[in-house]
Amino acid sequence: MYIIIALVALVFLVLTGVVVARLQNVLKSVNKTDSADAAPSGNKINGAMFIVVLIIGAIAITWSYLHSREYFLPAASSIHGRRVDDLFWFSMGILTIPFIIVNFLIFFFSWKYQYKKDHRASFYPDNHRLELIWTIVPAIVMAMLVFTGWKAWSDITSDAPRDAEVIEITGKQFNWIVRYAGVSDNKLGDYNYKLIDPQNEVGIDLSDENSFDDFTNPSEMHIPVNRPVLLKIRARDVLHSVFIPHMRVKMDAVPGLPTKFWFVPDKTTAEMRSETNNPNFDYEIACTEVCGQGHFSMKMRLIVEDEASYKKWCSEQATFLQTYPEYLAKVPESLKAKAMKYIPAEAAAPADSSSTGGAAGSSTSLR
Amino acid sequence: MSAIEGLETAHHHDTEHEHHHEAPNFWQKYIFSEDHKVIAKQYLITGILWAVIGISMSIVFRIQLGFQDANLSWLKPVLGGWISDSGKLDPNFYLALVTMHGTIMVFFVLTAGLSGTFSNFLIPLQIGARDMASGFMNMLSYWFFFLASVIMFASLFIQTGPAAGGWVIYPPLSALPQAHPGSGLGMTLWLASMAFFIVSQLLGGINYITTVINLRTRGMSFDRLPLTIWAFLITAVLGLISFPVLLSSVLLLIFDRHFGTSFYLSDIYINGEALPNVGGSPILFQHLFWFLGHPEVYIVLLPGLGITSEIIATNSRKPIFGYRAMIASMLGIAFLAFIVWAHHMFVTGMNPFLGSVFMFLTLIIAVPSAVKGFNYITTLWRGNIVFTPGMLFSIGLVSLFVSGGLTGIILGNSALDIQLHDTYFVVAHFHLVMGAASAFGLFAGVYHWFPKMFGRMMNNTLGQIHFWLTFVGIYLVFIPMHYVGIAGFPRRYYQFTSYDFTNKFMDMNMFISIAAIFTFVAQFIFLWNFFYSIFKGRKAPQNPWRSNTLEWTAPVNPGHGNWEGELPAVYRWSYDYSKPGAKEDFIPQNIPYSQTLESNFPHENELIATEKAIESQNFNDQFKNAH
């Protein structure tokens, strides 16, 4: 922090110096008569300023970059993430070259070719070969960047492998809800937004037998390491966007238009904790599409763990029907027997006899 | 045409036209004026007022972001209830500030303030016309803009606050009043204001295009047009094609909000009830919005590039390098601007194949942009550069345009955009390439054409100081912002303490905020210089920058009609600076080749034969034949 303040102070100091110098110059020139070929006022100083700013700017950018690096995100914890990172830094590296060359030339030429008395500029209106060169060279560089980017993009957005762990994540104002396919059938049940109510937050459709063992979680998502994870992304009210910075994952959640993103996490939370020397490290899921007052705090914890502890965690979760046995009433008669398996014995009897209760909506799917 | 002042005196030769004109009264002259120069000044002053409001808003939210624990009670007199009793900024109002900052700066300052000012001011003066094709439509254009401004300004003061869904107003957030307080009356006013704004832009745009095509003076062929005019023409065409699409998306949103349609709404459960809307798509809005939104970037930027081309050539005392390549690259950029919009939508879940196509098209834009950058640099090369404030801002624009444009190549790459989308990297990118670069175009234009606008000079030294403080300030704000973006900080966050991954870089954010305040304060130098010089500035000579274009052949304070006597004829392009053999280092466009035998090239000597024909043409002087 002190270094930054010092840097700012330095810039201010230099600028103050310049202002003072300029003022003196102005005072001097007041006495001179305005002749036609007198140097335009302040030309020399402004020319010099280009060199000063060029040098200070180069130092400041280099230093500030080196200083900021430690705050950048650690290496990606997913396979595609590291590829994206490599591509990013590769592209940045390539682009730094024209950044330096072009800015250097702008500043240097401004200083070098500043007004000189009795000097005449060159009449140089065009040169087709030059123009051709700087059309073709950027085009080739672009083609290269497009190609590498396109390869990465089409791999990342390709269909998820069949063995991917499918997890549904739903955005609402202002938190995320995850739904798992359950341990018995490993299939996500249908949903319908008209079935949403204060308990059934993601609108699980209980007329679909696949939904009987589904379970939800409003505060954390667990995923297995080294296995493709396919996120099925939905939104309940307005746009949200799933952002997992450490995994380089981002995909909008759109009401009425389910989206998806798959990736392979390959570092567990525990590994990251020891790698970053931070026992409190946690992967986080954030929202990056403005969604209202709580946009800045739609946090969900993400736990990446090995297959065994993931399986164990899943089996420990209470299914939706276990948590809210009264929803058994929504299950069609023909499937009741199946659904009963997922209901704790003591809750089953009263729930079975109760009628539709407070929950609204029809279970026949509208889709 | 009753308001032709100063013209009568010059019409010695056709006295039969010299019936008595009443001097226009105050209202006709300054308020409901049909004179393009007055309308330009109206746009400029309104734009400056909006800029002060828009930038002040950014300072308030920069304070919030840089100093999260600060007590903001001192803002209570201005913001009232939006500051809580404990001195904290209301999170809803934070979003409103971000939204209004974007809306104001993009539309009201950089579209109306920049294009409105300089298209109006320069098109007739540089092509040698008495006025716009339709002075009345031109006046309507300003007053529709004024109406839009009044509505938008009023929305700042309503109880629920102005629109707050981001300047892109994505539904469903903007469509559902129950989703956010800013989506109530504030959004209604936003939409109404934008509808009027679009009407204003279309009235203006049609006028610019018609004027450039039809009212060029004798000899002003398209290949002799200054690049400013090319830029304004292309900008107007862009606006004419894209703004109606924004109007349609706005209208559909109004229908969704008030008449129960479902264009953008589907499967929504909010505030304990499931809405009946099904079948709509929020993504449709984004497609429609960005079909305007992306060309809008170039609507904002191209006038700046045109102004810069003119000023860099004049003050380097050199012809612009690659005049035809400059036009071709502008046309290329304009064409590509229409087919890259979905690069704002890589992660909306649209078909990945579409993403590939848009990535490819987007990166092509880098090629004409690179050509422009290199041509500017070559124009500086071996010049004899005079650092007028206008020139400094033009050079600054090129630097900002290149620095900000390069990161666009990163963001246009869909694979990289996954991580960077909606982070501060994007914010830094577009503020450099579009925000600051266009603002520099605006400053450059004001400094350069101030003598023509007000007949007085702005203070040179203050202008130079203003440039350096602004230029350094802009980089101090936006270079560090890239680092914040690379660290993954999402935009439109009220504070960064909710997450571990953003709970750092406090110093950096504080630094950015300080730099922003510093840059903001520096703008008061400009404000003072501008308003002081209007009244007390040194009287301007007729051609203070020794420039070639036609506006400098008009009187120092041109009346309505611009030139006394006949309109000037044009014999050459506008970039004959430092021509070998010529006595002066500039030859204005209205000097025939027959008078500059010492500096003519062989093919130019052949053109002498055509001069008689040019001279005898007189199609376009509205004032000569009309009455």
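Treat the numbers as computed from the prediction; the structure is a model and nothing was measured.

Turning our attention to unusual backbone geometry. The omega torsion of the bond from A:Q173 to A:F174 falls at -5 degrees, within 30 degrees of zero and hence cis. Here A:F174 lies in the loop between β1 (165-172) and β2 (175-180). With an omega of 0 degrees, the peptide bond between B:P171 and B:P172 qualifies as cis. For B:P172, the location among the structural elements is in the loop between α5 (135-155) and α6 (185-214). Of note in this structure, B:D267 is not a glycine but carries a positive phi near 50 degrees. With respect to the secondary-structure elements, B:D267 resides in the loop between α7 (227-258) and β1 (269-270). For B:D267, a count of 28 C-beta atoms within 10 Å translates into the label buried. You will see that B:N271, though not glycine, has its phi angle at about 50 degrees, which is positive. Within the element layout of this structure, B:N271 appears in the loop between β1 and β2 (273-274). Residue classification places B:N271 among the exposed residues on the basis of 10 C-beta atoms within 10 Å.

Residues and elements named next belong to chain A. Here chain A is described as being made up of domain 1 (2-26 + 41-114 + 129-156) and domain 2 (165-343). Of note, the centres of domain 1 and domain 2, computed from C-alpha atoms alone, are 42 Å apart. Along the lines of polarity and charge, the residues of the side of domain 1 that touches domain 2 split into five nonpolar, four polar and no charged.

Another aspect to go through is the packing of helix α2 (residues 36-66) of chain B against α5(B). Residue and element names in this part refer to chain B. Remark: α2 packs on α5, axes separated minimally by 10 Å, with the N-to-C direction vectors making an angle of 15 degrees. Compared by their axis directions, α2 and α5 come out roughly parallel. You can see that α2 and α5 cross each other, and the crossing is left-handed. Packed against α2, whose contacting residues are H36, I39, Q42, Y43, T46 and W50, the element α5 presents N138, M139, Y142, F146 and S149 at the interface.

We now examine the UniProt feature "domain: Cytochrome oxidase subunit II transmembrane region profile" (unreviewed entry) in chain A. Feature annotation in UniProt places "domain: Cytochrome oxidase subunit II transmembrane region profile" (unreviewed entry) on residues 64-160 of chain A, given in this structure's numbering. Along residues 64-160 of chain A the backbone is 70% helical and 0% strand, and the end-to-end C-alpha distance reaches 40 Å.

This paragraph deals with the sheet that holds strand β6 (residues 240-244) of chain A. Residues and elements named next belong to chain A. Read across the open sheet, the five strands follow the order β4-β10-β9-β6-β7; overall the sheet is mixed. Only two strands of the sheet have a single partner each, and these edge strands are β4 (220-224) and β7 (249-253). Averaged over all adjacent pairs, the angle separating strand axes in this sheet is 25 degrees, with direction ignored. Strand direction decides the pairing type here: β6 and β7, joined by five bridges, are antiparallel. When the bridges of β7 are listed, F243 appears paired with K250. Strand contacts of helix α6 (residues 307-316): β4 and β10 (300-305), with the helix running at about 135 degrees to β4, the strand carrying the most contacts.

This brings us to the UniProt feature "transmembrane region" (unreviewed entry) in chain A. Following the UniProt record, the feature "transmembrane region" (unreviewed entry) maps to residues 45-66, 87-112 and 132-153 of chain A here. End C-alpha to end C-alpha, residues 87-112 of chain A measures 37 Å, and it is 100% helix and 0% strand.

All names here are of chain A. Here β10 shows a buried face lined by M300, L302 and V304 and an unburied face lined by R301, I303 and E305. The pairing of β4 with β10 spans five bridges and is classified as parallel. Residue pairing across strands places I223 opposite V304, the latter belonging to β10. As paired elements, strand β9 (residues 283-287) and β10 share three bridges and run antiparallel to each other. Counted as the bridge partner of I285 is M300 from β10.

The next thing to look at is the environment of B:V367. In this structure, B:V367 sits in helix α11 (residues 366-380). Taking the C-alpha atoms as reference, B:V367 lies 30 Å from B:F285; in sequence the two are 82 residues apart. The residues touching B:V367, leaving out its near neighbours within four places in the chain, are A:T135, A:P138, A:A139 and A:M142.

Before going further, it helps to examine the pairing of β7(A). Buried residues dominate β7(A), accounting for five of its five residues. In this antiparallel pair of consecutive strands, β6(A) and β7(A), the connection spans four residues, and A:R248 shows a positive phi of 55 degrees.

Counting through the fold element by element, B:T103 comes out in helix α4 (residues 91-127). Taking the C-alpha atoms as reference, B:T103 lies 9.2 Å from B:W190; in sequence the two are 87 residues apart.

Time to look at the confidence of the model for chain A. Residues and elements named next belong to chain A. Model confidence for chain A is summarised by a mean pLDDT of 86, while 83% of its residues fall at 70 or above. Between residues 30-37, whose pLDDT stays under 50, and residues either more than four places distant or in other chains, the model counts two contacts. This model gives residues 350-367 a pLDDT under 50, and the stretch forms 30 contacts once residues within four places in sequence are excluded.

Rules behind the numbers
Residues numbered from 1 in each chain as written. Chains lettered and ligands numbered in written order. Predicted model: local features only at pLDDT ≥ 70, side-chain atom pairs only at ≥ 80, totals over all residues. Helix = DSSP H or I, 4+ residues; strand = E, 2+ residues; numbered from the N terminus. Buried ≥ 20, exposed ≤ 12 C-beta atoms within 10 Å, placed from the backbone. Domains from an automatic or database assignment. Nonpolar A, V, L, I, M, F, W, Y, C, P; charged D, E, K, R; others polar. Axes fitted to C-alpha atoms, helices over the stretch in contact; angles between N-to-C directions. Parallel < 35°, antiparallel > 145°, perpendicular 65-115°, else oblique. Left-handed = near helix turned anticlockwise from the far one by under 90°. Contact = placed C-beta atoms within 7 Å. UniProt positions renumbered as here; feature names shortened; annotations may be inferred. Pairing = 2+ DSSP bridges. pLDDT = per-residue confidence, 0-100.

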